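Coordinate analysis (summary)
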Amino acid sequence: MRYLIYFALLMLSMVGIGTARPIGKDDTDLKAQEEKRLQDCLTPDRPRPDVEGQIQRKPQLCGKAISLPKPAYPEEAKAQKITGKVSVEIVIDEKGNVEWAKAFEGHPLLRTAALKAACQARYSPSQVSGHPRKSQNVITYSFVK
């Protein structure tokens, strides 16, 4: 019984009970910053940020994805019965947000949806010698009817 109580206290401390705060101006600023980051990520022909190291052309970031939203299937693509895979090259910033994305493979009608989903993804930050750094990879989305 004692271990159960210790476990419950440990879990409550990990969740952060008692750290809630009222929604205020800071939250509005965070939402505005997030919206701007998404708009920047979706801006076409934006130059790719510099990143150290080589890109890992794997379908997913195995074990590093925190949130990987599924893309919405475009209605026009559904009507034309278009299926297939779309590969999106991404650059992840030091905080784990997708800073830049570009679809380089796949049907044009599916690329926009894949880009939107890729820009909303979250990853655990890459670290070298304990310091966060930018990283790059490829996400491959499958559109199947």
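Note: the structure precedes this text.
Treat the numbers as computed from the prediction; the structure is a model and nothing was measured. (Residues numbered from 1 in each chain as written. Predicted model: local features only at pLDDT ≥ 70, side-chain atom pairs only at ≥ 80, totals over all residues. Heavy atoms only, no water.)

Okay, the overall build of the protein next. Along its length, the protein carries four helices and seven strands. Of the regular secondary structure in the protein, the N- to C-terminal order runs α-α-β-α-β-β-α-β-β-β-β. Looking at the protein residue by residue over its 145 residues, the buried ones come to 29%. Per element, the accessible surface of the protein, about 10300 Å² overall, is 56% carbon and sulfur. (Helix = DSSP H or I, 4+ residues; strand = E, 2+ residues; numbered from the N terminus. Buried < 20%, exposed > 50% of the residue type's maximum accessible area, 1.4 Å probe, protein only. Areas by Shrake-Rupley, 256 points an atom, 1.4 Å probe, with all protein chains shown as cover.)

Let's shift gears to the packing of aromatic side chains. Applying the stated criterion across every chain yields a total of one aromatic pair. Aromatic side chains tyrosine 73 and phenylalanine 143 sit 5.5 Å apart centroid to centroid with 85° between the ring planes, which places their arrangement in the edge-to-face category. Placement of tyrosine 73 in the loop between strand E1 (65-67) and helix H3 (75-79) and of phenylalanine 143 in strand E7 (residues 135-143) is noted, with a sequence separation of 70 residues between them. Note on tyrosine 73: relative accessible area 16%, which makes it buried. (Phe/Tyr/Trp six-rings, centres within 6.5 Å; stacked < 30°, edge-to-face > 60°.)

For helix H4 (residues 108-119), which comprises twelve residues, the first-to-last C-alpha distance of 17 Å matches the rise-based estimate of 16 Å (1.5 Å per residue) to within 8%. Along H4, the residues that are buried comprise Leu110, Ala113, Ala114, Leu115, Ala117, Ala118 and Cys119. (Expected span 1.5 Å × (residues − 1).)

Now for the nonpolar core. Val88, Ile90, Ala101, Tyr141 and Phe143 are the most contacted members of the largest nonpolar core, which has 24 residues in total. Only helix H2 (25-42), strand E2 (84-92), strand E3 (98-105), H4 and E7 provide two or more residues apiece to this core. The element that contributes the greatest number of residues to this core is H4, accounting for seven residues. (Core = buried A, V, L, I, M, F, W, Y, C linked by side-chain atoms within 4.5 Å.)

To continue, consider the side chain of glutamate 89. By the secondary structure assignment, glutamate 89 is in strand E2. In this structure the side chain of glutamate 89 is engaged in a polar contact, spanning 2.8 Å, whose partner is the side chain of arginine 48. (Polar contact = N/O pair within 3.5 Å; in protein donor to acceptor, adjacent residues only side chain to side chain.)

Another point: the sheet that holds E3. Ordered by their spatial adjacency, three strands build an open sheet running E3-E2-E7, and the pairing between neighbours is antiparallel. Each edge of the sheet is formed by a strand with only one pairing partner; in this case those strands are E3 and E7. Put simply, the sheet's adjacent strands are angled 25° from each other on average, direction ignored. Its contacts with the sheet put H4 on E2, E3 and E7, and the angle it makes with E3 is roughly 155°. (Pairing = 2+ DSSP bridges. Axes fitted to C-alpha atoms, helices over the stretch in contact; angles between N-to-C directions. Contact = heavy atoms within 4.5 Å.)

Within E2, seven of the nine residues are buried, which leaves it mostly tucked inside the rest of the structure. Taken together, the nine bridges between E2 and E7 define a ladder with antiparallel strand orientation. Across the sheet, valine 86 pairs through a bridge with tyrosine 141, a residue of E7. Where E2 meets E3, six bridges bridge the pair, whose relative direction is antiparallel.

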